[in-house]
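Remarks on the overall topology
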Amino acid sequence: MAYVKYILKKLIQIVVITFLVSLLVFFSLRLNPTSPLTVIIGNKQSTPELQQQYTEQFDLDEPLLKQYIIWLKGIAHGDLGIDYVQKQPILNQIIDRIPITIGLVLFSTILGTVIAILIGVLAAMKRGTWIDSALSTLMLVISSIPTFVLSILAILFLSKYVPGYSFIGTYSNTAEFISRISVPGIIMAVGLVATLGRVTRSSMISQLQAPYMITAKAKGIGKVNKTFKHAFHNAVIPVLTVAGYMFAGAIGSTVLIEQIFSLPGIGGMLVTGIQQNNYPIVQVLVLVMLVSYLIMSFVVDILYAVVDPRVEMK
């Protein structure tokens, strides 16, 4: 029953937060002095007939509150609306672009988590040695380098030494897809390694110094079994929790990476929408990123309680 109450409580929180953010985003965008009709008409010659047509098509003649309600009803029925510039359904555009973003997030999270755990465990096992100092210094250095700096350095390196690497265009097969997301995925993983590696090291050191490890040693349990069967099993719980939250927030991190590497994902789509004052695109993508984060955070909370039965659902 505690699990059911907790799940219902979290779901209600997700709905309430999503509603409040949608309200804030919708009305904040309308504070922009740029008229929606200016964006919709674009380079076409403006005429009273054309203005009237688009005004009725996009419900611009309705009060803002009613426009918001119409938009919210469409969202509830799976209709994300029509963007002002291309006059195409936003849902179709998201479906076309979401594989890049999801692939980028999954690739970077899995790669970063695996490397971070390996580095963190090794640093903890070699605590106080030059290996620990070197790995700790490495994690500190890479955590202080901004993502955009690493991206620029990677582009300069690839441009000079790997001239065949493609920075533009789309993908037509799995090989091209992996090629497009590999470098930006590695750069995103670097930031995760820096943070998660230090969390892993601290968690492992705490477990290696725990009283039960002294008992395990007294029982004659081997070093490998002590380290991985006992210490690592307990140390990995907070590590996976942090990794889950970083995974949840990674979709927002793709905005910068996709723009730098010209990836056709929803992050780049959001930036383009902001630049064009394309309100429908911006408000929908902000909600998509928010809901993705909230759902992933919710899943992490549930998994944390499943992995560690000592955690109470409150």
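As a reminder, the structure under discussion sits directly above these lines.
For the structure given in this document, a descriptive report is provided here. For clarity, every value in this text was computed on a predicted model and none was experimentally measured.

Thresholds applied
- Residues numbered from 1 in each chain as written.
- Predicted model: local features only at pLDDT ≥ 70, side-chain atom pairs only at ≥ 80, totals over all residues.
- Heavy atoms only, no water.
- Helix = DSSP H or I, 4+ residues; strand = E, 2+ residues; numbered from the N terminus.
- Buried < 20%, exposed > 50% of the residue type's maximum accessible area, 1.4 Å probe, protein only.
- Contact = heavy atoms within 4.5 Å.
- Areas by Shrake-Rupley, 256 points an atom, 1.4 Å probe, with all protein chains shown as cover.
- Lys, Arg positive; Asp, Glu negative; His and termini not counted.
- Charge placed at Lys NZ, Arg CZ, Asp CG, Glu CD.
- Phe/Tyr/Trp six-rings, centres within 6.5 Å; stacked < 30°, edge-to-face > 60°.
- Lys NZ or Arg CZ within 6 Å of the ring centre and 35° of its normal.
- Axes fitted to C-alpha atoms, helices over the stretch in contact; angles between N-to-C directions.
- Parallel < 35°, antiparallel > 145°, perpendicular 65-115°, else oblique.
- Left-handed = near helix turned anticlockwise from the far one by under 90°.
- Arc of directions from axis to C-beta.
- Nonpolar A, V, L, I, M, F, W, Y, C, P; charged D, E, K, R; others polar.
- Expected span 1.5 Å × (residues − 1).

A look at the overall build of the chain
A count of helical and extended segments in the chain gives 12 helices and zero strands. Of the regular secondary structure in the chain, the N- to C-terminal order runs α-α-α-α-α-α-α-α-α-α-α-α. Overall, the chain is about 90 × 60 × 35 Å in size when its C-alpha atoms are taken along their principal axes. When the 314 residues of the chain are sorted by exposure, 39% land in the buried category. Excluding contacts between residues fewer than 6 apart, the proportion of contacts in the chain whose partners are at least 24 apart in sequence is 73%. Of the accessible surface of the chain, which amounts to about 17,300 Å², a share of 68% is contributed by carbon and sulfur atoms. Measuring between centres, the 22 positive side-chain charges of the chain sit 22 Å from its 14 negative side-chain charges.

Side note on the packing of aromatic side chains
Describing an aromatic ring pair means giving the distance of the ring centres and the angle of the ring planes. Overall, the coordinates contain nine aromatic pairs when judged by the stated rule. Considering the side-chain rings of Phe26 and Phe27, the 5.4 Å spacing of their centres and the 75 degrees angle between planes classify their relative orientation as edge-to-face. The buried category is assigned to Phe26, whose relative accessible area is 2%. On the basis of relative accessible area, Phe27 is assigned to the partly exposed category, the value being 26%. The interplanar angle of 65 degrees and the centroid separation of 5.4 Å between the aromatic rings of Phe26 and Tyr68 together place this pair among those described as edge-to-face. Here Tyr68 lies in helix H4 (residues 64-76) and Phe26 lies in helix H1 (residues 2-29), a separation of 42 residues in the sequence. Judged on exposure class, the residue Phe26 and its partner Tyr68 are both buried. Three or more aromatic residues joined by ring pairs form one cluster here, namely Phe19, Phe26, Phe27, Tyr68 and Trp71. Taking the ring centre of Phe26 as reference, the NZ or CZ of Arg30 above it sits at 3.9 Å.

A short note on the packing of helix H6 (residues 130-143) against helix H8 (residues 174-208)
At a minimum axis distance of 8 Å, the contact between H6 and H8 shows a crossing angle of 140 degrees. Of the possible angle classes, the one that applies to H6 and H8 is oblique. Seen from above, H6 lies across H8 with left-handed handedness. Contacts between H6 and H8 involve Asp132, Ser136, Met139, Leu140, Ile142 and Ser143 on the former and, on the latter, Val190, Val193, Ala194, Gly197, Arg198 and Arg201.

Quick notes on the environment of Gly197
Along the chain, Gly197 falls in helix H8. Here Gly197 falls in the buried class, since its relative accessible area comes to 0%. The spacing of Gly197 and Ala154 is 43 residues in sequence and 22 Å in space, taken between C-alpha atoms. Those residues in contact with Gly197 that sit more than four places away from it in its chain are Ala116, Gly120, Met139 and Leu192.

Structural notes on helix H3 (residues 48-57)
Of the positions making up H3, those classed as buried are Leu50, Tyr54 and Thr55. Buried residues along H3 cover an arc of 130 degrees about the axis, so they all sit on one side. Structural note: H3 exposes Pro48 and Glu49 on the side pointing more than 90 degrees away from its buried face. As for H3, its buried residues are in contact with helix H2 (36-41). Trailing H3 by a residue or two, Asp59 shows a phi angle of about 60 degrees, which is positive.

Looking at the packing of helix H5 (residues 90-125) against H8
Taken N-terminus to C-terminus, the directions of H5 and H8 make an angle of 35 degrees; their axes are 4 Å apart at the nearest point. At the point where H5 passes H8, the crossing takes the right-handed sense. Broken down by class, the residue content of the contact of H5 with H8 amounts to 25 nonpolar, 10 polar and one charged.

A word on unusual backbone geometry
Although it is not a glycine, Ser262 sits at a positive phi angle of roughly 55 degrees. As for its placement among the helices and strands, Ser262 is situated in the loop between helix H10 (223-260) and helix H11 (266-275). Take Ser262: its relative accessible area is 39%, and that puts it in the partly exposed class. Backbone geometry at Asn277 places phi at a positive 55 degrees, although glycine is not the residue there. With respect to the element layout, Asn277 can be found in the loop between H11 and helix H12 (279-307).

Description of H4
When the terminal C-alpha atoms of H4 are compared, their 18 Å separation across 13 residues agrees well with the 18 Å that a helix rising 1.5 Å per residue should span. Phi turns positive one or two residues past the end of H4, at Gly78, with a value near 85 degrees.

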